[in-house]
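Here are the chains, one letter per residue:
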Amino acid sequence: DTEVTQTPKHLVMGMTNKKSLKCEQHMGHRAMYWYKQKAKKPPELMFVYSYEKLSINESVPSRFSPECPNSSLLNLHLHALQPEDSALYLCASSPGKGQGRVAEAFFGQGTRLTVV
Amino acid sequence: GIQVEQSPPDLILQEGANSTLRCNFSDSVNNLQWFHQNPWGQLINLFYIPSGTKQNGRLSATTVATERYSLLYISSSQTTDSGVYFCAVVMNTGFQKLVFGTGTRLLVSP
């Protein structure tokens, strides 16, 4: 099973709303990632969690707040977003240090977010 | 940071044609993956290929790490091959930071 599941698939939110994106994997991976992808651009890394600890934050604005409650789950909490934050948000996981192909990443289907 | 350039940026093919996509990277890497992004946004793993050559059906890939490039070959293309192809690398010094290339947008027409 190489599946990463993201919910919801689509989300429309207002600029004053609070919402959360969810990501789940059951491959025993210990590294999880959030990426943001704008139209016609490559995905850009936002956050990396390794063994449930935040290891990389690519200077993402504080209106995006990641959370890794356990080794299988990754959340992205959204608050006071701007229309320019509309994008496809992708979650990924990889085995992590000390395991097989350390950095072979598998991606979820993404959440298409529209901020109005 | 590392630069990952792909060529060509756009490619239009007739069904049945063959093609070669290229990925150049500016620094040493210890991982390279090829992905196909379908029209719904899903990134599908094609190859994990830090070095050497691999084949999977009509697709094959070659990475020459010492010369900092990788090639993806698509033979007998089909309309379902349409989409965007990305290579992505992890630097030797970087901790699991997967950096994507600029992408090649492929359209296969019937």
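In this report, the structure presented in the accompanying data block is examined. (Residues numbered from 1 in each chain as written. Chains lettered and ligands numbered in written order. Predicted model: local features only at pLDDT ≥ 70, side-chain atom pairs only at ≥ 80, totals over all residues. Heavy atoms only, no water.)

### Quick notes on the interface of chain B and chain A
- Contact with chain B, which involves 21 residues of that partner, is made by 29 residues of chain A.
- A buried area of about 1900 Å², summed over both sides, lies between chain B and chain A, and 55% of it is on carbon and sulfur atoms.
- Scanning the region where chain B abuts chain A turns up one salt bridge.
- Salt-bridge contacts for K97 of chain B lead to E58 of chain A; the nearest nitrogen and oxygen are separated by 2.8 Å.
- If you tally residues by element for the side of chain B that touches chain A, the top one is strand β4 (residues 29–37) of chain B, at four residues.
- For the side of chain B that touches chain A, the class distribution of residues is nine nonpolar, nine polar and three charged. (Contact = heavy atoms within 4.5 Å. Buried area = accessible area lost by both parts, 1.4 Å probe. Salt bridge = Lys/Arg side-chain N within 4 Å of Asp/Glu carboxyl O. Helix = DSSP H or I, 4+ residues; strand = E, 2+ residues; numbered from the N terminus. Nonpolar A, V, L, I, M, F, W, Y, C, P; charged D, E, K, R; others polar.)

### As for the pairing of strand β3 (residues 19–25) of chain B
Residues and elements named next belong to chain B.
- Residue alternation in β3 divides its side chains into a buried set, S19, L21, C23 and F25, and an unburied set, T20, R22 and N24.
- As judged from the four bridges shared by strand β1 (residues 4–7) and β3, these two strands associate in the antiparallel manner. Note that in β3 the partner of Q6 across the bridge is C23.
- Pairing of β3 with strand β8 (residues 69–74), which is carried by six bridges, proceeds in the antiparallel orientation. Bridged to L21 within β8 is L72. (Buried < 20%, exposed > 50% of the residue type's maximum accessible area, 1.4 Å probe, protein only. Pairing = 2+ DSSP bridges.)

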